[in-house]
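Structure assessment
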Protein chains: 2
Amino acid sequence: MTKKFYFGIDLGGTSIKMGVISVEGKLLLEREQPTPKGPYLDVLHVFKRMMHQLLDGSSISNDEIMGVGVGVPALLDVESGYVHEIVNLGWKDVPLQRELENLFNLPCFIDNDANTAALGEMWQGAGRNAKQLICITVGTGIGGGLILNGDIYHGAIGMAGEIGHMCVATDKGRLCNCGQSGCLETEASATAIIHYGKQAILEGKLQHPDPEHLTAKDVIDAARTGNIECNRIIQQVSYYLALALAQAAAILNPEKIIIGGGVSNAGQFFIQPIRHYFEQFALKKIRENVRIVPAELGNKAGMIGAAWLVHNHCRQIGGI
Amino acid sequence: MTKKFYFGIDLGGTSIKMGVISVEGKLLLEREQPTPKGPYLDVLHVFKRMMHQLLDGSSISNDEIMGVGVGVPALLDVESGYVHEIVNLGWKDVPLQRELENLFNLPCFIDNDANTAALGEMWQGAGRNAKQLICITVGTGIGGGLILNGDIYHGAIGMAGEIGHMCVATDKGRLCNCGQSGCLETEASATAIIHYGKQAILEGKLQHPDPEHLTAKDVIDAARTGNIECNRIIQQVSYYLALALAQAAAILNPEKIIIGGGVSNAGQFFIQPIRHYFEQFALKKIRENVRIVPAELGNKAGMIGAAWLVHNHCRQIGGI
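Residues numbered from 1 in each chain as written. Chains lettered and ligands numbered in written order. Predicted model: local features only at pLDDT ≥ 70, side-chain atom pairs only at ≥ 80, totals over all residues. Heavy atoms only, no water.

1. Focus on the interface of chain B and chain A
- Listed by partner, the interface residues are 41 residues for chain B and 41 residues for chain A.
- When the two sides are added together, the surface that chain B and chain A hide from each other amounts to roughly 3,400 Å², 62% of it contributed by carbon and sulfur.
- On the surface where chain B and chain A come into contact, there are zero salt bridges.
- Where chain B touches chain A, the interface holds 25 residue pairs in polar contact (both at pLDDT 80 or more).
- Put simply, the parts of the chain that give the side of chain B that touches chain A at least two residues each are strand E10 (142–148), helix H7 (228–252), helix H8 (268–281) and helix H9 (284–287) of chain B.
- Ranked by the residues each element gives to the side of chain B that touches chain A, the list is headed by H7(B), at seven residues.
- Here the residues of the side of chain B that touches chain A sort into 22 nonpolar, 13 polar and six charged. (Contact = heavy atoms within 4.5 Å. Buried area = accessible area lost by both parts, 1.4 Å probe. Salt bridge = Lys/Arg side-chain N within 4 Å of Asp/Glu carboxyl O. Polar contact = N/O pair within 3.5 Å; in protein donor to acceptor, adjacent residues only side chain to side chain. Helix = DSSP H or I, 4+ residues; strand = E, 2+ residues; numbered from the N terminus. Nonpolar A, V, L, I, M, F, W, Y, C, P; charged D, E, K, R; others polar.)

The structure is reproduced here in structure tokens:
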């Protein structure tokens, strides 16, 4: 009997991750390569080469691959398969889905990388068995992916889940890259933690040997070991995250809220204050029926979620 | 050829509205009766009587009715057809869908009344041709209904769209009926407008012959004719509505936001400041792709949307 597998690709600004995933959602093989910074065809060539490298020497043959899913760090049109723009790769209006299908001669699917990460967590991670999920990734920025009724919700033009640009600091918010002020991203991302940490150094409330290269982890570690100002920063960040999540929960009534990204590695230290403030802001019936949990798959969520795009297609056409 | 029609029922706390709706969504006949305050069987009897009254003397016969949809002012389980509770009618755990089917011997469907109102606007009102809609009803309270991908989104336990309980006044919010503080409902409902209007009277900033019976319309009218404090109240209410809607739009990326309820009768006078503040809070790409519009169907939206529940069922089984 022929076995069936999917390729899941996570196209990042610095590296490409590619995995072979079973129909049960198990990540069997994986590779990582730097992302070439040339025309998009260079990226496609790397995809092809990685595919061969993954299959060579494995027991999996080319014709056991059912399709390819790719998570892309961009706004795109899922229907037409067009990527509008990837600024730091210099891509503009790339018909990626068609190009992938020409390259692989297989059914190919693309989605935004925040969405593929959310799908990965739904399929094999912290969101298993849930159909209504809010996934938030707290890193340099804050991204979001929404799983509604068991599938990604895209919104009118693919912009749904922009939790990072919910305005939470209405009066005192700092200017965001997006042009608005007081976005969650300016108040609760790793970048925000670093900003407030540097301010603490300037005010003499935090010592650091190399203030230029202060990291969010440094601030979190200082808070952990009792620095009062860093603790205040973590409380404030948790407060804003909880506020935005409570507002999102009032709208979406999710079963689970999954928190991922670098900041989530701080685990319970972050999750606990977020839960605390969430209690304060969220409607009783909604908060009683939702769990706030850390992501489980780390940077493998994207590959697995990208493979789910193929998996879902195969289910729909009855192929599996 | 047999024509096909639907019954749409809007079960309210004070009155029952029932209409006969064509497959094209036209409201052809309607009746209104007070809601009996006894056991739920009394309400079912009124339903039956109204059905006969509607059909008697019309050219529509019983066997041309495809089914019955009912909007209910309650939290309910759409899957099982159970109404958990309607406090001011004294209902508790009523298997409404089954009871309706026994009564009418037709396919029957129920949903929350905020949802049926949203469906009505989608089908025949301000949301025509849109698939991603946020509907908000600003009246005594603030209700919401979400249309995502052309159908109502219910969430994990049917609580989705609770826009009225998004926390918007984090620091200075008043206590809400729900037990939280600073909910949109406490700051921007008709009840809130009346509260702040009465405060203005106490402070000598608004004259009124009968402060006890001050209405939201009185405050709006005073603002319209130049009362500075009332104008400030309207600005503040619009600010909070816009903030919550911008946050909801960041999450859902809707095509349209429809504002209904008593307060929306003030039309552009309210819609304009809401649009103004929305610009301030909403992400550029999202606000450029959404329109904020007043509801069009008034209190007929519920009947029409309830009929859509049947319409949708008939489409799915290929009956129309």
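Let's pick the thread back up.
2. Describing the state of the cysteines
All names here are of chain B.
- Across all of its chains, the model carries zero disulfides over all chains by this definition.
- In this model cysteine 178 remains outside any disulfide bridge; the closest cysteine sulfur is found in cysteine 183, 3.6 Å from its own.
- Of the residues examined, cysteine 178 reaches a relative accessible area of 22% and is grouped as partly exposed.
- Cysteine 314 carries a free sulfur, and the closest cysteine sulfur to it, the one in cysteine 108, is 11 Å from it.
- Relative accessible area serves as the criterion here: at 2%, cysteine 314 is assigned to the buried category. (Disulfide = S-S within 2.5 Å. Buried < 20%, exposed > 50% of the residue type's maximum accessible area, 1.4 Å probe, protein only.)

3. Comments concerning the relation of the copies chain B and chain A
- The two copies are related by a screw operation: chain B maps onto chain A through 180° of rotation and 0.0 Å of translation along the axis, at an RMSD of 0.0 Å. Taken together, these values place the two copies in the relation of a two-fold axis.
- Of all interface residues in chain B, 100% are interface residues in chain A too; the two copies therefore contact each other through one and the same surface. (Least-squares fit on C-alpha atoms with pLDDT ≥ 70 in both.)

4. Things to note about the environment of Cys167(B)
- Relative to the helices and strands, Cys167(B) resides in the loop between strand E11 (151–152) and helix H4 (184–188).
- Exposure remark for Cys167(B): the relative accessible area of 3% places this residue in the buried category.
- Sequence separation between Cys167(B) and Ile320(B) is 153 residues, and the spatial gap between their C-alpha atoms is 43 Å.
- Excluding its chain neighbours within four sequence positions, the residues that come into contact with Cys167(B) are Leu243(A), Gln247(A), Phe281(A), Ser181(B), Gly182(B) and Cys183(B).

5. Structural notes on the side chain of Asn115(A)
All names here are of chain A.
- Structurally, asparagine 115 can be placed in helix H3 (residues 113–124).
- Residue asparagine 115 is classed as buried on the basis of its relative accessible area of 5%.
- The residues contacting asparagine 115, other than those within four sequence positions of it, are Gly144, Gly145, Ile152 and His154.

6. Here's the deal with empty space enclosed by the protein
Residue and element names in this part refer to chain B.
- Summed over the entire model, instances satisfying the criterion amount to one cavity of 30 Å³ or more.
- Estimates place the volume of the largest cavity at around 40 Å³.
- Around the largest cavity sit Ala74, Leu75, Leu76, Val78, Asp111, Asn112, Asn115, His154 and Gly158, which together line it.
- Elements with a minimum of two residues in the lining of the largest cavity: strand E5 (75–77) and strand E8 (108–112).
- Looking at the lining of the largest cavity residue by residue, the class counts come to four nonpolar, four polar and one charged. (1 Å grid on protein atoms, 1.4 Å probe; cavity = no way out; pocket = protein on both sides within 12 Å on 5 of 7 lines; lining within 4 Å. Points joined across faces, edges and corners; volume = space filled by probe spheres on them.)

7. Here's the deal with the pattern of salt bridges
- Under the defined criterion, the tally for this structure stands at 18 salt bridges over all chains.
- Put simply, Glu279(A) and Arg287(A) hold a salt bridge, and the shortest N to O gap is 3.5 Å.
- With a relative accessible area of 43%, Glu279(A) lands in the partly exposed category.
- Assessed through its relative accessible area of 19%, Arg287(A) is described here as buried.
- Of the charged contacts, one joins Glu229(B) and Arg232(B) as a salt bridge, the two residues approaching to 3.0 Å between their closest N and O atoms. You can see Glu229(B) and its partner Arg232(B) sitting in helix H7, three residues apart, about one turn around the helix.
- You can call Arg232(B) partly exposed: its relative accessible area is 38%.
- What you see here is one network of salt bridges that share partners, running through Lys217(A), Asp221(A) and Arg224(A).

8. Some words on the sheet that holds strand E13 (residues 291–294) of chain A
Residues and elements named next belong to chain A.
- One open sheet accounts for five strands, arranged E11-E10-E9-E12-E13; its pairing is mixed. Each of the sheet's edge strands pairs with one partner strand only, and the pair in question is strand E11 (151–152) and E13.
- Here strand E9 (residues 133–138) runs beside strand E10 (residues 142–148); their pairing, made up of six bridges, is antiparallel. Among the inter-strand pairings, isoleucine 136 is bridged to a residue of E10, identified as glycine 144.
- Each of E9, E10, E11 and strand E12 (256–260) is contacted by H3, which is oriented at about 55° to E10, the strand it contacts most.
- Where helix H7 (residues 228–252) meets the sheet, it contacts E9, E10 and E12, and its direction lies at approximately 160° from that of E9. (Pairing = 2+ DSSP bridges. Axes fitted to C-alpha atoms, helices over the stretch in contact; angles between N-to-C directions.)

9. Looking at unusual backbone geometry
- The backbone of Asn149(A) sits at a positive phi, close to 55°, despite the residue not being glycine.
- Relative to the helices and strands, Asn149(A) is located in the loop between E10 and E11.
- Residue Asp93(B) is not a glycine yet carries a positive backbone phi of 50°.

10. Here's the deal with the packing of aromatic side chains
All names here are of chain B.
- Enumeration over the complete set of coordinates arrives at ten aromatic pairs over all chains.
- On the numbers, 5.5 Å between centres and 75° between planes, the contact of tyrosine 239 with tyrosine 277 is edge-to-face. Separated by 38 residues along the polypeptide, tyrosine 239 in helix H7 and tyrosine 277 in helix H8 bring together distant segments of the chain.
- Take tyrosine 277: its relative accessible area is 14%, and that puts it in the buried class. (Phe/Tyr/Trp six-rings, centres within 6.5 Å; stacked < 30°, edge-to-face > 60°.)

11. Quick word on the sheet that holds E5(B)
Residues and elements named next belong to chain B.
- The strand order E5-E6-E7 describes an open sheet built from three strands, whose pairing is antiparallel. Bordering the open sheet on either side are E5 and strand E7 (91–94), each of which pairs with just one other strand. Ignoring which end each strand starts from, the neighbouring axes of this sheet average 15° apart.
- The pairing of E5 with strand E6 (residues 82–86) spans three bridges and is antiparallel. What sits directly across from aspartate 77, in E6, is tyrosine 82.

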